[in-house]
Amino acid sequence: MPPASTGASTIALDAAVPSSPAALTPIVQDRLTPGGPGYRRMSFALFSAGIATFALLYSTQALLPSVSASFGATAGQASWTVSAATGALALCVLPLSALSERFGRRQMMTASLAVAVVIGLLVPFAPSLGWLIALRAVQGAALAGLPASAMAYLAEEVRPKALVAAIGLFVAGNSIGGMSGRILAGWVAQLWGWRVALGAIGLLAVACAVTFHLLIPRARHFSPASLNLKALAKTVTGHLSNPLLRRLYAIGALFMTVFGGVYTVIGYRLVEEPFSLPQGVVGSIFLVYLVGTVSSAAAGRLVARLGRRGALYLAVSTTAAGLLLSLADQLAAVLAGLVLITAGFFAGHAVASSSVSRTATTGRAQASALYQSAYYLGSSAGGTLGAVAFHAGGWAGTVGMGVLAVLGVLTITLFGSRAARSERLHAGAPQPLHN
């Protein structure tokens, strides 16, 4: 899946399955379904929200060389315009998802999008790099209220059989927003500068937010719940004490460290010698994201054939091969390396995020929120560390950082395989072909 995907779809499916079908049939029948009233409006509203969310979240990533030149900043300093947004989102996902239980999914999504859009219109006027980073942090915190609330809204308002398609459309909006926002920013910046480019992203987000507000149906199945911080803390602590969940959170964070580092720094490499590509062409590099759509969709088949850990080994190998290939000074080799990195990352992320839902037997919404937090913290760390490594050692430094993160994933996966094998031997069970 694209970076927008968090694995929450499985949780939403689980939440939507009635525990007593006979008792809940009238409620299920009253939910939205394809072809029924309100379903198309709901789908297009959330598709628009997904575009706005990820166009805003990564709006500066394709513009970092221009931002550096404008403020006289290093790659590491400018990278904070991305890392601050993703880091703030990571820290705010869990508390804002809890608030949506009290105040409503629709209300949380509307408020989050409205605040993020207003900040998006202010960002182009940031007088200094410090102000730009601060505004981006606030924007990322605001956006944290949308993904988890959207998944919960779909679980409550859509019939279970139609839920996969509805969530898929929302995730598609995330993917298209993340990709198109970077491409739009790159070409506009080439013509009129990075501030105008950020303004264009802001106006795109305004149009999407207005569309969302006008189309999103009123929630008919939401029941407010009181905030129980003690119960929430107990659930979170329980998840963090689960060794398998901890490994999955670490895997998601490390994969995203590689991905965030590579795509934060790649613009700097491509505008320099020997490539010297214009800003618009550099922004178009993000079309490689489409590879991720294919590899994440194939993750299920990989798991069926190789097992979860086998699929992770393949994802690690593919990502590592892409990193090494990208060291070449030929553009074709660099692009091929990006394709492999992207395919490996999205496959690994899809396996890890879906495994979280499978592993957590209680408090699955919180388990998913913790994965999202780890995932976006990895993005924040990767962007900053990748830029610092690039400043210190060029592209080879960024690749070295990525290889270390990939080795971390490999080590964790090997440890998990060994622990699972030991448990089976201890229990006296026959070892399956795939684990």
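Scroll up to find the structure this text is about.
This section reports on the structure supplied with the text.

Definitions and limits used
Residues numbered from 1 in each chain as written. Predicted model: local features only at pLDDT ≥ 70, side-chain atom pairs only at ≥ 80, totals over all residues. Heavy atoms only, no water. Patch = residues over 30% accessible without salt bridge, like charges linked within 9 Å, V, L, I, M, F, W, Y side chains within 5 Å. Areas by Shrake-Rupley, 256 points an atom, 1.4 Å probe, with all protein chains shown as cover. Salt bridge = Lys/Arg side-chain N within 4 Å of Asp/Glu carboxyl O. Buried < 20%, exposed > 50% of the residue type's maximum accessible area, 1.4 Å probe, protein only. Helix = DSSP H or I, 4+ residues; strand = E, 2+ residues; numbered from the N terminus. Contact = heavy atoms within 4.5 Å. Axes fitted to C-alpha atoms, helices over the stretch in contact; angles between N-to-C directions. Parallel < 35°, antiparallel > 145°, perpendicular 65-115°, else oblique. Left-handed = near helix turned anticlockwise from the far one by under 90°. Nonpolar A, V, L, I, M, F, W, Y, C, P; charged D, E, K, R; others polar. Core = buried A, V, L, I, M, F, W, Y, C linked by side-chain atoms within 4.5 Å. Phe/Tyr/Trp six-rings, centres within 6.5 Å; stacked < 30°, edge-to-face > 60°. Expected span 1.5 Å × (residues − 1). Bend = angle between axes of the 7 residues up to and from the residue. Polar contact = N/O pair within 3.5 Å; in protein donor to acceptor, adjacent residues only side chain to side chain.

## Remarks on a nonpolar patch on the surface
- Together, Leu 191, Trp 192 and Val 196 line one region of the surface with nonpolar side chains, adding up to about 360 Å² of accessible area.
- Taking relative accessible area as the criterion, Trp 192 reaches 59% and is therefore assigned exposed.

## Focus: the environment of Ser 68
- Mapping Ser 68 onto the fold places it in helix α4 (residues 64-71).
- Residue Ser 68 is classed as buried on the basis of its relative accessible area, which comes to 8%.
- Counting along the chain gives 61 residues from Ser 68 to Leu 129, while the straight-line C-alpha distance between them is 8.9 Å.
- Non-local contacts of Ser 68, meaning those with residues more than four positions away in its chain, are made with Ala 73, Thr 74, Ala 75, Ala 78 and Tyr 268.

## Some thoughts on unusual backbone geometry
- Omega for the bond connecting Glu 273 with Pro 274 falls within 30 degrees of zero, at 10 degrees, which places this linkage in the cis form.
- Within the fold, Pro 274 resides in the loop between α13 (243-271) and α14 (279-284).
- Here Ser 276, not a glycine, exhibits a phi torsion of approximately 55 degrees, which is positive.

## Observations regarding the packing of helix α3 (residues 39-57) against helix α7 (residues 105-122)
- α7 packs onto α3 with a crossing angle of 40 degrees between their chain directions and a minimal axis gap of 11 Å. As judged from the angle between their axes, α3 and α7 are oblique. Read as a crossing pair, α3 and α7 show a hand that is left-handed. Counting all contacts with α3, which are made through Leu 46, Ala 49, Ala 52, Thr 53 and Leu 56, the residues of α7 involved are Met 109, Leu 113, Ala 116, Val 117 and Gly 120.
- Among the residues forming the contact of α3 with α7, the class breakdown is eight nonpolar, two polar and no charged.

## Describing the nonpolar core
- Among the nonpolar cores identified, the biggest contains 115 residues, and Leu 46 and Tyr 263 are the most heavily contacted of them.
- If we skip the residues at most four places from it in the chain, Tyr 263 touches Gln 61, Phe 286, Val 288, Tyr 289, Leu 338 and Thr 342.

## Examining the packing of aromatic side chains
- If you walk through the whole model with that rule in mind, you get eleven aromatic pairs.
- Note on Tyr 263 and Phe 286: the rings are 5.5 Å apart at their centroids and 35 degrees apart in plane angle, and the pair reads as tilted. Highlighted residues: Tyr 263 in helix α13 and Phe 286 in the loop between α14 and α15 (289-297), separated in sequence by 23 residues.
- By relative accessible area, which is 1% here, Tyr 263 ends up buried.

## Thoughts on α13
- Across its 29 residues, α13 extends 43 Å between first and last C-alpha, which sits within 8% of the 42 Å expected from 1.5 Å per residue.
- When the local axis directions of α13 are compared, the greatest deviation, roughly 35 degrees, occurs at Val 265.
- The buried fraction of α13 amounts to 23 of the 29 residues, a majority that puts the element mostly inside the structure.
- Among the residues of α13, the N-terminal cap falls to Asn 242, whose side-chain oxygen and the backbone nitrogen of Leu 244 are separated by 2.9 Å.

## Considerations on the side chain of Ser 355
- Take Ser 355: it is sitting in helix α17 (residues 331-359).
- According to the relative accessible area criterion, Ser 355 is buried, its value standing at 3%.
- A distance of 2.7 Å separates a polar side-chain atom of Ser 355 from the backbone oxygen of Val 351.
- Residues in contact with Ser 355, not counting those within four places in the same chain, are Leu 248 and Arg 308.

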